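Working through the structure, step by step
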Amino acid sequence: MSTNEHTLKFYGEELDQLKAEVARMGGLAEAQVRDSIEAVAQRDVALAEAVVGRDHRLDQLDREIEKKAIRLIALRQPVAQDLRRTVGALKMASILERTGDYAKNIAKRGLVVADGEPMTPLTRSIERMGRLVAGRLKDALDAYTSGELDQAMAVWQNDEEVDEHYNSLFRELLTYMIGDPRMINSCAHLLFVAKNLERIGDYATNIAEIVHYEVTGEEIMGDRPKWTGLDKSAGADSEI
Amino acid sequence: MPLLHPFPPQPSPKPASQGLRSSVAGAAVGAVAIMALAAMGRADTPTAAIAALIVVLIGVGLGYWTARTSDAVQKADVGAPTPFGFPSVDAQSYAMALELAPNPLMLVSGFEPDDLAGRRISFANAAARELLRIPREGALLVAAMRDPVVLEAIDESLFGGLDRIISYETGGPQNRFWRMWTKPIPTTANGGRLAMVLLRDETDTRLNERMRADFLANASHELRTPLASLAGFIETLRGHAKDDVAARERFLAIMSRQAERMARLIDDLLSLSRIELNEHIRPQGACDLALTTADVADALAPQLAAKSVKVQLSLPDRGAAMIVGDRDQIVQVIQNLLDNAIKYSLAGGVVRVEVAYGLTLDIAAASRPDSPRLAAAMGGRMSLQTPTWVGAERYAALRVFDEGPGVAREHLPRLTERFYRVEGQKSSGTGLGLAIVKHIVNRHRGGFFVESALGVGAGFCVYFPMIPTAPVAGAPTDPRLSEKPRHAFLDDPVPQDSRGEIKLS
């Protein structure tokens with residue numbers, strides 16, 4: 001590190017390294033979410049256990065990224081976009097770590113649900129919602145790795161679908177529980193699975209916000225188009 | 001394999017200052033050509049394209065080898081006949097063969113196992129660049145592909161020297177299945193390591209398999225009801241209704257309806273399968289949304305007369321709402337939406353059909369002030385398909401409103417599910433109409449939403465990306481479009497007031 005050029009090059013590499021680590025962590029979180037949904041939908045006990053077993057990798061990556069980001073801030077004192085990228089990596093790591101936790105939780109509940117009777121229509125609904133959420137997470141991560149603002153905005157704007165799926169699933173599960181009390185146990189677990197998926201969908205939105213901040217340096221202004229919100233004032237029960 | 005070392009030491013075409021990456025890539029191009037050949041040759045069902053590539057590569061390899069052994073041809077003599085009658089080939093040609101290969105092919109380089117940012121794509125051919133949206137060289141590997149299975153396989157080739165073949169899927173609404181071959185490439189360049197990565201799209205095969213299974217499961221389940229009813233009537237006609245003429249006529253009428261229903265169901269299932277098979281391929285043609293809507297509405301006249309339902313069309317001039325689309329599929333979308341609206345209309349009701357164009361994405365996806373959702377307290381709105389690609393500047397929208405019983409909120413998200421029928425509503429449909437619409441809209445990168453309130457009616461809206469430039473003479477595929485002089489509608493400002501309301505022409 002004798003010359004200035006060398007220092008600069010090294011610094012750029014460190015930032016790249018950080019982004020690469022986050023992208024890899026994103027891929028892992030994505031796979032965890034996908035596998036956990038499949039484990040619930042297919043009643044695949046082995047896959048569910050694999051998801052639970054892999055979660056520590058995400059925790060470890062989160063710690064590593066945090067360490068590297070803090071080191072970079074302390075030693076290089078990045079400014080402007082470099083600083084935003086560093087802070088963005090920090091935030092991304094913790095979001096992805098929590099996404100992984102939700103996936104692990106879904107897999108654990110999948111283990112319990114697999115013990116009970118098959119409930120094909122319900123697990124199919126869960127699978128539909130899961131695929132929707134996994135798609136949003138993929139789009140958000142694609143936007144992060146490519147730094148494409150348009151794609152991030154598209155993710156940010158379209159989260160009503162996940163909410164409506166959640167509300168619809170909630171009603172469906174209630175109907176089942178009222179119809180047959182023996183199913184309450186499994187249904188309650190599926191309810192949490194749905195809630196977890198909804199939370200993962202929210203994280204996808206957060207990732208889109210981070211991308212926007214990283215690229216432009218500004219927070220996204222304005223409200224997201226929430227069509228259901230308009231109805232709330234009219235007395236509809238969209239809030240559950 | 002003597003072919004593995006067909007390269008004479010020759011001056012690097014790039015200046016040395018371009019660094020390790022280029023030189024590493026250059027040195028390995030020949031080796032990759034052979035590896036790619038081997039990998040592609042191993043494919044279970046090589047496509048014609050792959051076969052052609054193999055032929056090219058073999059020809060190329062043989063040509064070079066002969067050129068070299070004869071030792072008579074210099075680099076400058078490319079194209080001169082060799083003793084065997086082949087044109088000779090240089091490294092540039094090998095690189096070009098890889099570049100033009102139909103399968104995505106990459107060279108990945110790396111230094112240390114723990115240096116994640118050091119894993120770069122040193123070379124990506126045209127197919128890979130298009131697929132992964134990366135530059136020709138220098139992209140961060142994890143930014144292009146982040147599936148853990150993929151990364152692990154590449155690492156094993158880079159640092160473990162192993163050949164790997166894996167399968168993975170990309171996920172998302174236009175899910176694609178890939179098979180990936182990775183192979184280490186021997187290189188002596190300063191400590192760097194190289195691996196070849198070749199992808200093959202297996203989406204068609206996988207979807208075909210899945211569809212066959214789905215089709216069997218769905219068809220057998222859904223066909224059982226009408227079949228049981230048919231069997232019942234046949235039994236009755238053989239038995240005590242044998243000589244009862246009136247009953248026989250009645251039963252035969254019901255049986256004929258059931259048979260029609262079965263035929264419709266099979267048609268819809270087949271059509272859905274076909275659409276799903278093409279879902280990841282973007283449509284190419286041009287289609288006038290307004291003109292197509294008018295055509296479909298005309299064809300529905302008998303159905304309308306039978307139910308005494310009126311259709312109120314408000315369409316822009318022809319040539320204005322030109323969208324990127326496959327006309328047959330767009331007809332199917334319009335047909336299914338109109339069919340539904342007529343089916344759920346009460347006798348004497350009115351179905352409103354509107355086409356608007358030149359809308360921005362926000363406006364295309366927004367509610368109209370006269371939407372049924374806003375007319376009642378329990379109205380709901382649900383996006384059934386959000387556009388997966390937001391590159392289009394302008395959209396054209398088709399909206400179909402009916403005055404039927406409407407759909408309750410809780411049913412909205414499930415409307416496009418196969419065979420989903422709203423409870424308590426007796427319908428003669430197959431339960432596949434909206435599923436078909438959704439898949440067609442997804443293929444067209446468009447959007448689809450429903451708004452409804454019980455007792456007020458339902459509105460379905462689809463919107464599609466428009467053709468980016470104003471239509472020029474000769475461009476439209478529909479010959480009727482040239483009957484009348486067209487205006488540059490697309491250049492007109494979108495008529496709208498401050499509330500975002502769209503005025504239809």
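Here we summarise the structure given alongside this text. (Residues numbered from 1 in each chain as written. Chains lettered and ligands numbered in written order. Predicted model: local features only at pLDDT ≥ 70, side-chain atom pairs only at ≥ 80, totals over all residues. Heavy atoms only, no water.)

Some points on the packing of aromatic side chains
Two numbers describe a pair of aromatic rings. These are the distance of the centres and the angle of the planes. All chains considered together, the criterion is met by 6 aromatic pairs over all chains. A ring pair is formed by Tyr-102 of chain A and Tyr-203 of chain A, whose centres lie 5.9 Å apart and whose planes are at 40°; its orientation type is tilted. Taken as a pair, Tyr-102 of chain A in helix α3 (residues 80-115) and Tyr-203 of chain A in helix α7 (residues 184-216) lie far apart in primary sequence, 101 residues in all. Summarising the aromatic geometry, the rings of Phe-233 of chain B and Phe-251 of chain B are spaced 5.0 Å apart at their centres and angled 45° between planes, so their arrangement reads as tilted. Here Phe-251 of chain B lies in helix α8 (residues 245-277) and Phe-233 of chain B lies in helix α7 (residues 203-238), a separation of 18 residues in the sequence. For the pair formed by Phe-233 of chain B and Phe-251 of chain B, the shared burial category is buried. (Phe/Tyr/Trp six-rings, centres within 6.5 Å; stacked < 30°, edge-to-face > 60°. Helix = DSSP H or I, 4+ residues; strand = E, 2+ residues; numbered from the N terminus. Buried < 20%, exposed > 50% of the residue type's maximum accessible area, 1.4 Å probe, protein only.)

Regarding the sheet that holds strand β12 (residues 395-402) of chain B
Residue and element names in this part refer to chain B. Taken together, 6 strands build an open sheet; the order of strands is β8-β10-β12-β14-β13-β11 and the sheet is mixed. Edge strands, defined here as strands with exactly one partner in the open sheet, are β8 (310-314) and β11 (380-385). With direction set aside, neighbouring strand axes in the sheet form an average angle of 15°. Bridge count between β8 and strand β10 (residues 350-359): 5 bridges; the pairing is parallel. From the neighbouring strand, Val-311 faces β10, where its bridge partner is Val-351. On top of the sheet, helix α13 (residues 433-443) reaches β11, β13 (447-453) and β14 (457-465); it is set at about 140° to β13, its chief contact. (Pairing = 2+ DSSP bridges. Axes fitted to C-alpha atoms, helices over the stretch in contact; angles between N-to-C directions. Contact = heavy atoms within 4.5 Å.)

Points about the packing of α3 of chain A against α7 of chain A
In a pair of packed helices, the angle between the axes and the distance between the axes together describe the arrangement. Residues and elements named next belong to chain A. Close contact between α3 and α7 brings their axes to 9 Å; oriented N to C, the two are set at 170°. Classified by the interaxial angle, the pair formed by α3 and α7 is roughly antiparallel. Its residues assigned to classes, the contact of α3 with α7 shows 18 nonpolar, 10 polar and 7 charged. (Parallel < 35°, antiparallel > 145°, perpendicular 65-115°, else oblique. Nonpolar A, V, L, I, M, F, W, Y, C, P; charged D, E, K, R; others polar.)

Quick word on the environment of Glu-49 of chain A
Residue and element names in this part refer to chain A. Structurally, Glu-49 can be placed in helix α2 (residues 45-76). For Glu-49, a relative accessible area of 48% translates into the label partly exposed. In this structure the C-alpha to C-alpha distance between Glu-49 and Ser-36, which are 13 residues apart in sequence, comes to 9.4 Å.

A few points about the pattern of salt bridges
Scanning all chains against the criterion turns up 30 salt bridges over all chains. The shortest N-O distance in the salt bridge between Glu-148 of chain A and Arg-133 of chain B comes to 3.2 Å. With Glu-148 of chain A in the loop between α4 (120-146) and α5 (149-157) and Arg-133 of chain B in the loop between α4 (126-132) and β3 (139-140), the pair connects residues from two separate chains. Residues Arg-399 of chain B and Glu-354 of chain B are paired through a salt bridge, measuring 3.9 Å at the closest nitrogen-oxygen approach. With Arg-399 of chain B in strand β12 and Glu-354 of chain B in strand β10, the pair connects residues that are 45 residues apart, well separated along the chain. Overall, the relative accessible area of 2% leaves Arg-399 of chain B in the buried class. Classification of Glu-354 of chain B by relative accessible area gives buried; the value is 6%. Taken together, the shared-partner salt bridges in this structure form one network comprising Glu-30, Lys-138 and Asp-142 of chain A together with Arg-146 of chain B. (Salt bridge = Lys/Arg side-chain N within 4 Å of Asp/Glu carboxyl O.)

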